Amino acid sequence: MHLSRHPTSYSTRYEQIAALLEQELRSHYRCGDYLPSEQQLAQRYEVNRHTLRRAVDQLVDRGWLQRRQGIGTLVLMRPYDYPLHARAHFSQNLLDQGSHPTSELLLAVLRPASGPIAAALCCEEGENVIHLRTLRRVNNVPLSVIDHYLPDLLWWPALRQFRSGSLHDFIRRELNQPLVRRQTRISARRAQSKESQLLEAANQTPLLCVRTLNTCAGSDKVAEYSVTLTRADMIELTMEH
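This is a predicted model, so every value here is computed, not measured.

S.K.: Looking at this structure, how should I read the pairing of strand S9 (residues 222–231)?
M.R.: In summary, the side chains of a regular strand alternate between the two faces of the sheet. Burial analysis of S9 places 10 of its 10 residues in the buried class, which makes it a mostly covered element. Of the pairings in the sheet, the one linking strand S6 (residues 141–150) to S9 comprises 6 bridges and is antiparallel in character. Within S9, the residue paired with Asp147 across the bridge is Val227. Here 9 bridges tie strand S8 (residues 206–216) to S9, and the two strands are oriented antiparallel to one another. The residue of S9 that forms the bridge with Leu213 is Tyr225.

What follows is the structure in structure tokens.
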């Protein structure tokens, strides 16, 4: 591949390569793919490996790529678009964008509601609620950890059978109860050790913390309070008006 020089745009060779590689990422890769080896890329761009590595470093710093020791260079790409409205469906939205989302169950227990959870669910503090924790992946890359709290213990026998996929689809199918988003609160914080392990991210990686209240369709009954911790480099929230 012959590289033309454009001094007014790129002051160094590696910056030019980084720009060309970014164009390739936009048009030929998706999140979860891996780049060819450094040697292959250096040959393609007709540069030495040191120059190629500096170009890749730039895209790592910008959040496009992630180096994985002993595995290769993972493509993170542009953030996924996730609209925030009452009938938004996370899994279907990602499928529409050409991605492959999955969800797996990490935890399913009954536990006493703490003060904030009880307040969100309009129940008494210490009252038992259903607590599920799920891990979402997109193209096999961990994206978010979600804690779901549900107050209706009559749902417990059915929810004990849940293993993977969309929890809301499962509730609609098995309990004949569609849920509607009624409130969303968004904040940010740094990943703690356990969260970093689950999300395969560095400690202190920025996370979006999204707290949602979902009600039973056609009523004001609170059916679920969820707390989602999502890698901030992999998602973009869209407010629809």
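S.K.: Even after reading the chapter, I still don't get the sheet that holds strand S5 (residues 128–138), so can you show me in this structure?
M.R.: In a beta sheet, neighbouring strands are held together by backbone hydrogen bonds and run either parallel or antiparallel to one another. The 6 strands are arranged S4-S5-S6-S9-S8-S7 in an open sheet whose pairing can be described as antiparallel. In the strand order of this sheet, the two ends are held by strand S4 (101–112) and strand S7 (179–190), each with one partner. If you compare each strand with its neighbour and ignore which way they point, the axes differ by 20° on average.

S.K.: What am I meant to see in the layout of surface pockets here?
M.R.: Take a probe with the size of a water molecule and roll it over the atoms, and the empty space left behind shows itself. Roughly 220 Å³ of internal volume is contained in the second largest pocket. Arg133, Val145, Asp147, Arg189, Gln192, Lys194, Glu195, Leu198, Cys209, Arg211, Val227 and Leu229 together form the lining of the second largest pocket. Of all the secondary structure elements, the ones that give two or more residues to the lining of the second largest pocket are S6, helix H8 (193–199), S8 and S9. When residues in the lining of the second largest pocket are grouped by element, the largest group, 3 residues, is from H8. Residue composition of the lining of the second largest pocket, by class: 5 nonpolar, 1 polar and 6 charged.

S.K.: I would appreciate a short explanation of the nonpolar core in the present structure.
M.R.: Considering soluble globular proteins, one finds that nonpolar side chains tend to be buried as a cluster. If you look at the biggest cluster of nonpolar residues, it comprises 20 residues, and the most contacted ones within it are Leu121, Tyr149 and Tyr225. Mapped by element, the contributors of at least two residues to this core are helix H5 (115–121), S5, S6, S8 and S9. Not counting the four nearest positions on each side in its chain, Tyr225 is found in contact with Ile117, Ala120, Leu121, Asp147, His148, Tyr149, Arg211, Thr212 and Leu213. Counting 18 residues, the second-largest nonpolar core is a separate cluster that includes Tyr14, Ala42, Leu59 and Leu65.

Calculation criteria
- Residues numbered from 1 in each chain as written.
- Predicted model: local features only at pLDDT ≥ 70, side-chain atom pairs only at ≥ 80, totals over all residues.
- Heavy atoms only, no water.
- Buried < 20%, exposed > 50% of the residue type's maximum accessible area, 1.4 Å probe, protein only.
- Helix = DSSP H or I, 4+ residues; strand = E, 2+ residues; numbered from the N terminus.
- Pairing = 2+ DSSP bridges.
- Axes fitted to C-alpha atoms, helices over the stretch in contact; angles between N-to-C directions.
- 1 Å grid on protein atoms, 1.4 Å probe; cavity = no way out; pocket = protein on both sides within 12 Å on 5 of 7 lines; lining within 4 Å.
- Points joined across faces, edges and corners; volume = space filled by probe spheres on them.
- Nonpolar A, V, L, I, M, F, W, Y, C, P; charged D, E, K, R; others polar.
- Core = buried A, V, L, I, M, F, W, Y, C linked by side-chain atoms within 4.5 Å.
- Contact = heavy atoms within 4.5 Å.

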